[in-house]
Amino acid sequence: VPPRRPAVPAALPGGPGSLPPGVGALLQSISSGTPHGSTWAANYRSLMCYRGVHWDTKVPHLYPPNPSLGHWVAGQRRQLVLMLRGQRSSMNSRRRRCLDAVGF
């Protein structure tokens, strides 16, 4: 018997692959700041596509359809830990809010 998929979280009215409320404006502000910001926003959108298919954000490190996505997710988790420890990190509050909004 295949595992049951969890119910779509109430925070994502459009389904698991859609952007949570308020995240679109955050992504716009992130992507318009620097070239790194636009790359980050593109990777976040790829994460939303992954979430739409798999219903979670646990991207394998070597995800065959998009190998760089797994590396990016691992990097974001590392940066989040550094931020939480008060160490130098590329994670900022806007990026963290985007990730928190999807249960990262």
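Residues numbered from 1 in each chain as written. Predicted model: local features only at pLDDT ≥ 70, side-chain atom pairs only at ≥ 80, totals over all residues. Heavy atoms only, no water.

## Here we look at helix H3 (residues 67-84)
- The end-to-end C-alpha distance of H3 is 27 Å, a good match for the 26 Å that 18 residues give at a rise of 1.5 Å each.
- Taken residue by residue, H3 has Leu-69, Gly-70, Trp-72, Val-73, Gly-75, Gln-76, Gln-79 and Leu-80 as its buried positions.
- Those residues of H3 that are buried lie in contact with helix H2 (35-54) and helix H4 (93-100).
- The positive-phi residue at the C-terminal boundary of H3 is Gly-86, with phi of around 80 degrees. (Helix = DSSP H or I, 4+ residues; strand = E, 2+ residues; numbered from the N terminus. Expected span 1.5 Å × (residues − 1). Buried < 20%, exposed > 50% of the residue type's maximum accessible area, 1.4 Å probe, protein only. Contact = heavy atoms within 4.5 Å.)

## Topic: the environment of Arg-77
- If you trace the backbone, Arg-77 turns up in helix H3.
- As a C-alpha pair, Arg-77 and Phe-104 span 27 residues in sequence and 8.5 Å in three-dimensional space.
- Setting aside residues no more than four positions away along its own chain, Arg-77 makes contact with Thr-57, Lys-58 and Phe-104.

## So, helix H1 (residues 23-33)
- Residues of H1 that are buried: Val-23, Leu-26, Leu-27, Ile-30 and Ser-31. Along the axis of H1, the buried positions cluster into a sector of 125 degrees, meaning they face one direction only. Looking at H1, the residues exposed on the side facing more than 90 degrees away from the buried face are Ala-25, Ser-32 and Gly-33.
- Where H1 is buried, its residues meet H2 and H4. (Arc of directions from axis to C-beta.)

## Some remarks on the confidence of the model for the chain
- The share of residues in the chain with pLDDT of 70 or more is 83%, and the mean pLDDT across the chain is 81.
- Averaged pLDDT values over the elements of the chain bottom out at 76 in H1 and peak at 95 in H3.
- Segment residues 3-13 is flagged for pLDDT under 50; beyond a separation of four residues in sequence, or across chains, it makes 16 contacts in the model. (pLDDT = per-residue confidence, 0-100.)

## So, the packing of aromatic side chains
- Under the defined criterion, the tally for this structure stands at three aromatic pairs.
- With 4.9 Å between their ring centres and 85 degrees between their planes, Tyr-50 and Tyr-63 make a pair best called edge-to-face. Placement of Tyr-50 in helix H2 and of Tyr-63 in the loop between H2 and H3 is noted, with a sequence separation of 13 residues between them.
- By relative accessible area, Tyr-50 is classed as buried at 7%.
- Using a relative accessible area of 15% as the deciding quantity, one classes Tyr-63 as buried.
- Pairwise contacts between aromatic rings join Trp-40, Tyr-44 and Trp-72 into one cluster. (Phe/Tyr/Trp six-rings, centres within 6.5 Å; stacked < 30°, edge-to-face > 60°.)

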